[in-house]
Amino acid sequence: MDTVYAIVCLTCALLTAYAIQNKLNIDHFQSGRHANLNGLIGFSSLLVFVCHAATWQQYIEDGRWRASDSPSLIIPGQTGIVLFFMITGFLFAKKYLGSKNQKINWTQTYCSRIFRLYPAYLFSMCLLLGIIAATSLQEKIFLDKIEIASYLKWLLFTIPGAPQLNGNPETNIIMAGTTWPLTFVWAFYFSLPIIAAVLGTKKSWPAIIFGATMLAITLYFIPFYGLIYLMLLIGIAAAIFDKYTNFQELLNRKIFGLFALILLISNGFINNETAYNIKSVALIGLSFLIFSSGNSIFGLLTKNSMQIFGASAYSIYLLHGPLLYIAIKTIQASNHEIYKSNENFWLVIIALTPILVLISALSYIFIEAPAMKHQEKITQLIRKIFAFKLSEKPS
């Protein structure tokens, strides 16, 4: 029955995207052979939302924030995270493989990463701080002093840690625990000058030294999780496979799209406890090899509605935690017991789904897209102010 609720949520999200696709000015529709990956990462973010909804249901029951006992809900969500890392590795490797013997403008690269990730993240932090403040006032929790260091850690994507804010034990739960993958993403970004050099671009020693230093600092704070690096390496390997082989036409056939889908579904039965193990990552990696060749599963991943998910994926990922927290806590505060029934709980989640899709699309339009459009101007300004450039040719 849990699978049915998940399917209804995803269907509701698709219908919402279809309804708004002509009404919202989203200009981030991808074209080209890898437009399917935009739809895939958007769909993955929705799987994470459903997974965390199930985690919330369990948290209500036993007061412990942990993975759901339902494999049909937890495995797809974890699969979404695995695919996210593989797509990240693939896209950057593909970019640098296409820039052999060229210099990369690393100032622009890192400014683009900041302007891509920070605006929506700051918006989610505003929601987090607003919820913390409202909860503190309601429960009359007043600290003698504000711990600035704790807030700074959250503003740094929790790389130095994710402490409680204002003594609230549910600080991380408000964000649904979504910040930990971002710490590994930044570790990957700091390793890019080294990866780019290995893939054949012209070496920039200032960039390599900067990246290696920041990588060392980041790895000092975050745990070494080899499986994450394996996911990224599979993405890089897929980019090399895509660049130097001629199997794309074969792998784009409908039968292989069906095969990739079967691999992802069967993974939930083969690995029914977690997708975070080598066997599961290998199966997902095999399916990703097909997706990275441009297979869109009968054209589904390149539909405009799926592209809306792709454009809004980051906001969906960041905003679903605060949305779930506000909705569930509001219901609990009203002493309504609707969430205590399994059916009623999922009716609430289904009702939240179109709200999440809509606010995430708006977040992309009014926060993410404007920031990305202005990052080039800011990059030029930074280079003028500091008279510091790591390379000559824009990436």
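Quantities reported herein were computed from a predicted structural model and do not represent experimental measurements.

Rules and cut-offs
- Residues numbered from 1 in each chain as written.
- Predicted model: local features only at pLDDT ≥ 70, side-chain atom pairs only at ≥ 80, totals over all residues.
- Heavy atoms only, no water.
- Phe/Tyr/Trp six-rings, centres within 6.5 Å; stacked < 30°, edge-to-face > 60°.
- Helix = DSSP H or I, 4+ residues; strand = E, 2+ residues; numbered from the N terminus.
- Buried < 20%, exposed > 50% of the residue type's maximum accessible area, 1.4 Å probe, protein only.
- Patch = residues over 30% accessible without salt bridge, like charges linked within 9 Å, V, L, I, M, F, W, Y side chains within 5 Å.
- Areas by Shrake-Rupley, 256 points an atom, 1.4 Å probe, with all protein chains shown as cover.
- Salt bridge = Lys/Arg side-chain N within 4 Å of Asp/Glu carboxyl O.
- Axes fitted to C-alpha atoms, helices over the stretch in contact; angles between N-to-C directions.
- Parallel < 35°, antiparallel > 145°, perpendicular 65-115°, else oblique.
- Left-handed = near helix turned anticlockwise from the far one by under 90°.
- Contact = heavy atoms within 4.5 Å.
- Nonpolar A, V, L, I, M, F, W, Y, C, P; charged D, E, K, R; others polar.

**Considerations on the packing of aromatic side chains**
For step 1, the next point in the chain: Per the counting criterion, the structure on display carries 30 aromatic pairs.
For step 2, the next point in the chain: Here Phe-92 and Phe-188 contribute two aromatic rings whose centre-to-centre distance is 5.9 Å and whose plane-to-plane angle is 75°, an arrangement assigned as edge-to-face. Highlighted residues: Phe-92 in helix α3 (residues 71-97) and Phe-188 in helix α7 (residues 180-190), separated in sequence by 96 residues.
For step 3, the next point in the chain: Measuring from ring centre to ring centre gives 6.2 Å for Trp-180 and Tyr-276, while their planes differ by 90°; the resulting arrangement is edge-to-face. Of this pair, Trp-180 sits in helix α7 while Tyr-276 is found in the loop between α12 (254-270) and α13 (278-291), placing the two residues 96 residues apart along the sequence.
For step 4, the next point in the chain: Taking relative accessible area as the criterion, Trp-180 reaches 30% and is therefore assigned partly exposed.
For step 5, the next point in the chain: Ring pairs connect the aromatic residues Phe-92, Tyr-96, Trp-106, Tyr-110, Tyr-118, Tyr-121, Phe-157, Trp-186, Phe-188, Tyr-189, Phe-190 and Phe-210, which therefore count as one cluster.

**Things to note about the environment of Ile-209**
For step 1, the next point in the chain: Position of Ile-209 among the secondary structure elements: in helix α9 (residues 205-221).
For step 2, the next point in the chain: Using a relative accessible area of 53% as the deciding quantity, one classes Ile-209 as exposed.
For step 3, the next point in the chain: Residues Ile-209 and Phe-190, spaced 19 residues apart in sequence, show a C-alpha to C-alpha distance of 9.9 Å.

**Comments concerning a nonpolar patch on the surface**
For step 1, the next point in the chain: A surface patch of nonpolar side chains, about 480 Å² in accessible area, is lined by Ile-255, Leu-258, Ile-262, Phe-298 and Leu-300.
For step 2, the next point in the chain: Its location among the elements puts Ile-262 in helix α12.

**Thoughts on the packing of helix α10 (residues 226-244) against α13**
For step 1, the next point in the chain: Contact geometry of α10 with α13 gives a least axis separation of 10 Å together with a crossing angle of 25°. What the angle tells us is that α10 and α13 run roughly parallel. Here α10 and α13 pass one another in a crossing that is right-handed. Counted together, Leu-227, Leu-230, Met-231, Ile-234, Gly-235, Ala-238 and Phe-241 of α10 and Ile-278, Val-281, Gly-285, Phe-288 and Leu-289 of α13 form the full contact between these two elements.
For step 2, the next point in the chain: Tallied by class, the residues present in the contact of α10 with α13 amount to 10 nonpolar, two polar and no charged.

**Let's talk about the side chain of Ser-287**
For step 1, the next point in the chain: Along the chain, the position of Ser-287 falls in helix α13.
For step 2, the next point in the chain: Among the residues examined, Ser-287 registers a relative accessible area of 0% and is labelled buried.
For step 3, the next point in the chain: When sequence neighbours within four positions are dropped, the list of residues in contact with Ser-287 reads Ala-260, Leu-263 and Leu-264.

**Notes on the pattern of salt bridges**
For step 1, the next point in the chain: Per the stated rule, a full pass over the model turns up four salt bridges.
For step 2, the next point in the chain: The closest approach of N and O atoms between Glu-368 and Arg-116, which form a salt bridge, is 2.5 Å. Of this pair, Glu-368 sits in helix α15 (residues 342-386) while Arg-116 sits in helix α4 (residues 106-138); the two residues are 252 residues apart in sequence, bridging distant segments of the chain. Neither residue differs from the other here; Glu-368 and Arg-116 are each classed as buried.

**Topic: the environment of Leu-152**
For step 1, the next point in the chain: As for its placement among the helices and strands, Leu-152 is situated in helix α5 (residues 148-155).
For step 2, the next point in the chain: We classify Leu-152 as partly exposed; its relative accessible area is 46%.
For step 3, the next point in the chain: In sequence terms Leu-152 and Leu-127 are 25 residues apart; their C-alpha atoms lie 16 Å from each other.

**What to know about the environment of Leu-122**
For step 1, the next point in the chain: Looking at the element boundaries, Leu-122 is found in helix α4.
For step 2, the next point in the chain: Taking the relative accessible area as the measure of exposure, Leu-122 reaches 37% and is therefore partly exposed.
For step 3, the next point in the chain: Once the C-alpha coordinates of Leu-122 and Leu-155 are considered, the two residues, 33 residues apart in sequence, prove to be 7.5 Å apart.

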